[in-house]
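Notes for the structure review
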Amino acid sequence: MQTVLIVVGVAAGVAGGALISALISGLQSNTLNKTLGAQAHVTLQAPDDVVAPAALPVPGTTVLSQTQPRAQRLRSIANWQALVPLLEGMDEIAGVSPMVSGAGLALRGEAVQSVALLGVDLDRYDRVVGLRSKVVSGVARLAPGESVLGRELAQDLGLRAGDRFTVQTGTRSESLRVTALVDLGVKDLNRRTVIVPLRAAQNLLALPGGATHLELTLRDVWVAQDVARTLRAQFPYQAESWQENNAQLVSALNAQSISTGIIRGVVLAVVVLGIASVLVVSVVQKQREIGILRAMGATRGQVMRVFLVQGAVVGALGSVLGLALAVALIAMFTRFVRGSDGLPLFSIGLPAATALQVALIATVCGVVAAIAPARSAARLDPAQAIRI
Amino acid sequence: MAAQSPTDPLIALAAITKRYNVGRPSEAEVLHGVDLRVRAGEFVALMGPSGSGKSTLLNILGLLERASSGEYRLQGQAVQSLPDATLTLLRRHTLGFVFQFHHLLPAFSALENVTLPALMGTGRVGRAQEERARQLLDAVGLAGAMDKRPAELSGGMQQRVAIARALVLDPPLVLADEPTGNLDTASSGEVFALLRRMHAERGTSFLIVTHDARLAAQCDRLVELVDGRIARDGPVGPAVAGCSTK
């Protein structure tokens, strides 16, 4: 009965731990997807303009100066065409997309909206942010004179796929046809994004043949900071990782991960203590049997193994039941917890690798929990144990 | 390890003492210089009043406890200073135990309980060992109860399973601590008769602690322990009647 109860206890602990892990992992993955869905993992751009001193200070003198920082102008990354194949050759980088980005106005009839103009090569940009998967209306195409708009911007300008509007930057303007509307996951982005062919943006922003940014997508999003550091060391450009651009989000994700770790640690400790307490009672209750086995020639090692195996079996059984319970709870969560649009809040699941890891940890915990009771069982004086 | 000479007794105790709580105010000496020799094939009764040290002596003989001083030779081998692991192996192959309470493992069948000592030895029960266990259960009259759990057997039957278990590895000596103490008169007689039959058929030595003078009278030799010393040691006869058992 005790064993059944502790197996159920372990199962509850494992289910709770697995469910929390799956929820937090699903939530983080969903947040990351939304955040990184519209931005590169690493962005490379030309260094900022800085004010150079008029003359070097004379050695031995101290110069106190107050310098007005320079206004930043739109600059191209020097020799970016040669840089792209170099970057594509790096193992960590999965895709490179050159971009010309600047500010402009979108006009249609009486409506005027300030917009962020993004000039891209559609296929490359699609590899970086998965643009085609974000299309909500029309078909994404960027032939000369074509554009893709954020959904809210199109709404503000009264545009649908196939309609035309004008983009104006400084003294230049161009009439563009809308081929598709996209949802970039953030309303503010949807309200100001106009995506045009690279060459059109170069013309509109007076940057012929240039690229203001190189957007990089990585095979593993979590190495972005290392890649950015490497690029800064290798090239005279500014390289920023998505973590640097979203420091608050990263802090929040880290805090979540730490709190999940703490919860899992506490659950593990409870599981270990639960198994240990049951085995301690079991050793006390089975003293006579242990004495008999010792009298019949069981070694201390054999007696120890009996309890270690019992701990492992309790851990393994509990984890199997717990994982089944976790799967059921996840299914219930997905089924019943829904957003205002009736769709699941985010997708969660229990990957096989995680399940295996949880089962392994619970089994190891069972063995660890059994060490102290097993040692006390092995140390029992058989003569005294039989007399009890 | 000294090889046993044919003339060596199976058990040879010389000046064995046993003290508990050494160095504490409650220190007590339970055995005071016990000398005892048991030859192969003997059927010995060990009697004595409660607290005379019978169980302690049996535990020392069974390598479950170590004597405080003196020499204990089992099959010619001095065992006093052997490490615990060696004593365990020696116990497994040389000694069988029958306790007052059968001490069968409740989760196992009669057959599984009998094969347990074999399992302790090799980690698995071979076909030959299982066959021997079946033969022993058959010999103790439990051919039809091999698959029954202890709870399904009467007290006498359980004790017969325990006797089969003690004999399964064919030890030269079986130590029995009041094997009939928990049985009614009829079962007690049956179990004792069984012990005698096993002794006669297999030549196994038995050393039986008992309070029952009537059963002790059926043994070949009687050793009486009083206050931690051997008070009498000789063939069973008129001695039994005068034995102090309370």
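For the structure, check the block above.
Below or above, wherever it landed, is the structure these notes cover. Numbers given to residues run from 1 along each chain, matching the order in which its sequence is written. To read the labels, note that chains go from A and ligands from 1, taken in the order they are written. In keeping with the model being predicted, local features are shown solely for residues with a pLDDT of at least 70 and side-chain atom pairs are shown and tallied solely at 80 or more, while totals for entire chains, interfaces and linings include all residues.

**Focus: the overall build of chain A**
- In DSSP terms, a helix is any run of H or I states spanning at least four residues, a strand is any run of E spanning at least two, and both are numbered starting from the N terminus. Per the secondary structure count, chain A includes 13 helices and 10 strands.
- Note on burial: count the other C-beta atoms lying within 10 Å of the residue's C-beta; 20 or more is buried, 12 or fewer is exposed, in between is partly exposed, and C-beta positions come from the backbone. Looking at the 388 residues of chain A, the share that counts as buried comes to 37%.
- Placing C-beta atoms from the backbone, we regard two residues as in contact once those atoms come within 7 Å. For chain A, contacts bridging at least 24 residues in sequence account for 80% of all contacts bridging at least 6.

**With respect to the overall build of chain B**
- In terms of regular secondary structure, chain B is built from eight helices and 10 strands.
- For chain B, the residues scored as buried account for 44% of the 246 residues in total.

**Brief notes about the pairing of strand 9 (residues 221-226) of chain B**
Residues and elements named next belong to chain B.
- Note on pairing: DSSP must find at least two bridges between two strands before they are called paired. In the sheet, strand 3 (residues 43-47) pairs with strand 9 via four bridges, with the strands oriented parallel. Note on strand 9: the bridge partner recorded for Ala45 is Leu222.
- With six bridges connecting them, strand 9 and strand 10 (residues 229-235) associate as antiparallel partners. When the sheet's bridge partners are listed, Glu224 is paired in strand 10 with Arg232.

**A word on the sheet that holds strand 8 (residues 205-209) of chain B**
Residue and element names in this part refer to chain B.
- With respect to topology, six strands assemble into an open sheet ordered 6-7-8-3-9-10, the strand pairing being mixed. In this open sheet, the two strands that pair with only one neighbour each are strand 6 (95-98) and strand 10. Between one strand axis and the next, the sheet turns through 15° on average, direction left out of account. Axes here mean lines fitted to C-alpha atoms, for a helix over just the part in contact, with angles spanning 0 to 180 degrees between N-to-C directions.

**Observations regarding the interface of chain A and chain B**
- Taken together, the contacts link 13 residues of chain A with 17 residues of chain B.
- Those elements giving two or more residues to the side of chain A that touches chain B turn out to be helix 10 (287-295) and helix 13 (382-387) of chain A.
- In terms of residues, the side of chain A that touches chain B owes the most to one element, helix 10 of chain A, which gives five residues.

**Some details on the sheet that holds strand 5 (residues 77-78) of chain B**
Residues and elements named next belong to chain B.
- The strand order 2-1-4-5 describes an open sheet built from four strands, whose pairing is antiparallel. Strands at the two margins of the open sheet, each flanked by one partner only, are strand 2 (28-38) and strand 5.
- Relative to strand 5, strand 4 (residues 69-74) runs antiparallel, the two being bridged by two bridges. What sits directly across from Arg73, in strand 5, is Ala78.

**Considerations on the packing of helix 1 (residues 2-36) of chain A against helix 9 (residues 247-285) of chain A**
Residue and element names in this part refer to chain A.
- In the contact formed by helix 1 and helix 9, the axes pass within 10 Å of each other and the chain directions differ by 170°. In terms of orientation, helix 1 and helix 9 fall into the roughly antiparallel class.
- Only Asp, Glu, Lys and Arg are considered charged, only Ala, Val, Leu, Ile, Met, Phe, Trp, Tyr, Cys and Pro nonpolar, and every remaining residue, Gly among them, polar. Considering only residue class, the contact of helix 1 with helix 9 consists of 13 nonpolar, 14 polar and one charged. Throughout this description, any angle smaller than 35 degrees is read as roughly parallel, any larger than 145 degrees as roughly antiparallel, any in the 65 to 115 degree range as roughly perpendicular, and the remainder as oblique.

**Quick word on the pairing of strand 8 of chain B**
Residue and element names in this part refer to chain B.
- In terms of burial, strand 8 is largely enclosed, as five of its five residues are buried.
- Burial of the side chains of strand 8 extends over both faces: Ser205, Leu207 and Val209 are buried on one face and Phe206 and Ile208 on the other.
- As defined by bridge partners, strand 3 adjoins strand 8 across four bridges and the pair is classed as parallel. From the neighbouring strand, Ala45 faces strand 8, where its bridge partner is Ile208.
- Relative to strand 8, strand 7 (residues 173-177) runs parallel, the two being bridged by five bridges. Along strand 8, the bridge assignment pairs Val174 with Phe206.
- Read as a crossover between parallel neighbours, the route from strand 7 over helix 6 (residues 185-202) to strand 8 is right-handed. Crossover handedness is defined by viewing with both strands directed away from the observer: a clockwise path from the first strand over the helix to the second marks the crossover as right-handed.

Bear in mind that shape data such as this cannot, by itself, settle questions of function.
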